[in-house]
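# Breakdown of the fold
Spelled out, the chains give:
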Amino acid sequence: MTMRVGIGYDSHAFGKKKARRLILGGVEIPHDRGLEGHSDADAVAHAVTDALLGAAGLGDIGRMFPNDDPRWKDADSLQLLNQAFLKVVEAGFQFVHADVTIIAERPKLAPHVDAMEAKIAEALLAGPAHVSIKAKTNEGMGWIGRGEGIAVFAVATLAQHGD
Ligand code: MG
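This write-up is about the structure you can find in this document. (Residues numbered from 1 in each chain as written. Predicted model: local features only at pLDDT ≥ 70, side-chain atom pairs only at ≥ 80, totals over all residues. Heavy atoms only, no water.)

### Let's talk about the coordination of the magnesium ion
Think of it this way: four donors in a tetrahedron around the metal ideally sit 109.5 degrees apart, and six in an octahedron ideally sit 90 or 180 degrees apart. Those donors, D10 (OD), H12 (NE2) and H46 (ND1), are the protein atoms that reach the magnesium ion, and they lie 2.1 to 2.2 Å from it. Donor residues binding the magnesium ion come from one chain and are separated in sequence as D-x1-H-x33-H. Here D10 is found in strand β1 (residues 2-13), whereas its partner H46 is found in helix α1 (residues 43-56), with 36 residues between them in sequence. Residue H46 is classed as buried on the basis of its relative accessible area of 9%. (Donors = N, O, S within 2.8 Å, 3.2 Å for Na, K, Ca; no water. Helix = DSSP H or I, 4+ residues; strand = E, 2+ residues; numbered from the N terminus. Buried < 20%, exposed > 50% of the residue type's maximum accessible area, 1.4 Å probe, protein only.)

Here it is, written out as structure tokens:
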């Protein structure tokens, strides 16, 4: 059995429009602004998707779901994650674990971490123990510290049986 690890990163800026919802890890989080993006701008789902695709050597989310394609406008990123996951399984890999760090000055994300783990795990047809999500601030520094947007790092571990 071979183990493979992939890394994913994503960032999105907060929009000016108050109407946009803030979706992270498939969970709607009460906040005065949402993130800008072609899809629902779920940076957690996007970073996990890239980590999975990276571990499987299947490219990246932008290649699989181009952001100039109207099919992915306002798309539910958990569904994109699930579609990427199915490609990863098709390529002969088994999902083992994902670990995620969200960096956001506000809102406070700790109360939503359990719900995000459950949603991401569900998209990967796994139990919540297979997904770990942590949230921290940037200690007031730089664009994240000024509350201009959110950044997410993720790693995913896959197992490949056979060679
Ligand atoms: Mg993104």
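### Points about the sheet that holds β1
If you walk across this open sheet you meet the 4 strands as β1-β6-β4-β5, and the pairing is mixed. Pairing within the sheet leaves two strands with one partner each, and these edge strands are β1 and β5 (131-136). Within the sheet, the average angular offset between the axes of one strand and its neighbour, ignoring direction, is 15°. Bridge analysis of strand β4 (residues 93-103) against β5 gives 6 bridges, and the strand direction is parallel. Following the sheet pairing, A98 is matched in β5 by V131. Contacts between helix α4 (residues 113-123) and the sheet are confined to β4 and β5, with β5 contributing the most and set at about 145° to the helix. (Pairing = 2+ DSSP bridges. Axes fitted to C-alpha atoms, helices over the stretch in contact; angles between N-to-C directions. Contact = heavy atoms within 4.5 Å.)

### Here we look at the nonpolar core
Side chains of a nonpolar character, in soluble globular proteins, are inclined to be buried together. Core analysis: the largest hydrophobic core is formed by 42 residues, its most contacted members being L24, L52, I102, I120, L124 and I133. Broken down by secondary-structure element, the contributors of at least two residues to this core are α1, α3 (77-90), β4, α4, β5 and β6 (149-160). In terms of residue count, the dominant contributor to this core is α1 (10 residues). Contacts of I133, omitting those with residues within four sequence positions, involve V44, V100, I102, V113, M116, E117 and I120. (Core = buried A, V, L, I, M, F, W, Y, C linked by side-chain atoms within 4.5 Å.)

### Considering the pattern of salt bridges
Using the criterion set out here, one finds 4 salt bridges in the structure. Taking the shortest distance from any N to any O, the salt bridge between K134 and D99 comes out at 2.7 Å. Taken together, the residues K134 in strand β5 and D99 in strand β4 connect sequence positions 35 residues apart. In this structure, R146 and E148 form a salt bridge, with 2.7 Å as the shortest nitrogen-oxygen distance. (Salt bridge = Lys/Arg side-chain N within 4 Å of Asp/Glu carboxyl O.)

### With respect to the environment of L78
Note on placement: L78 falls in helix α3. Taking the C-alpha atoms as reference points, L78 and A45, separated by 33 residues in sequence, lie 6.1 Å from one another. In this structure L78 touches G25, G26, A45, K119, I120 and A123, once residues within four positions along its chain are discounted.

### Observations regarding unusual backbone geometry
A cis amide bond, omega 0°, links R106 with the succeeding residue P107. If you check the backbone angles, L125 has positive phi at about 50° while not being a glycine. Locating L125 in the fold gives a position in the loop between α4 and β5. Although it is not a glycine, E139 sits at a positive phi angle of roughly 55°. Mapped onto the elements, E139 comes out in the loop between β5 and α5 (142-145).

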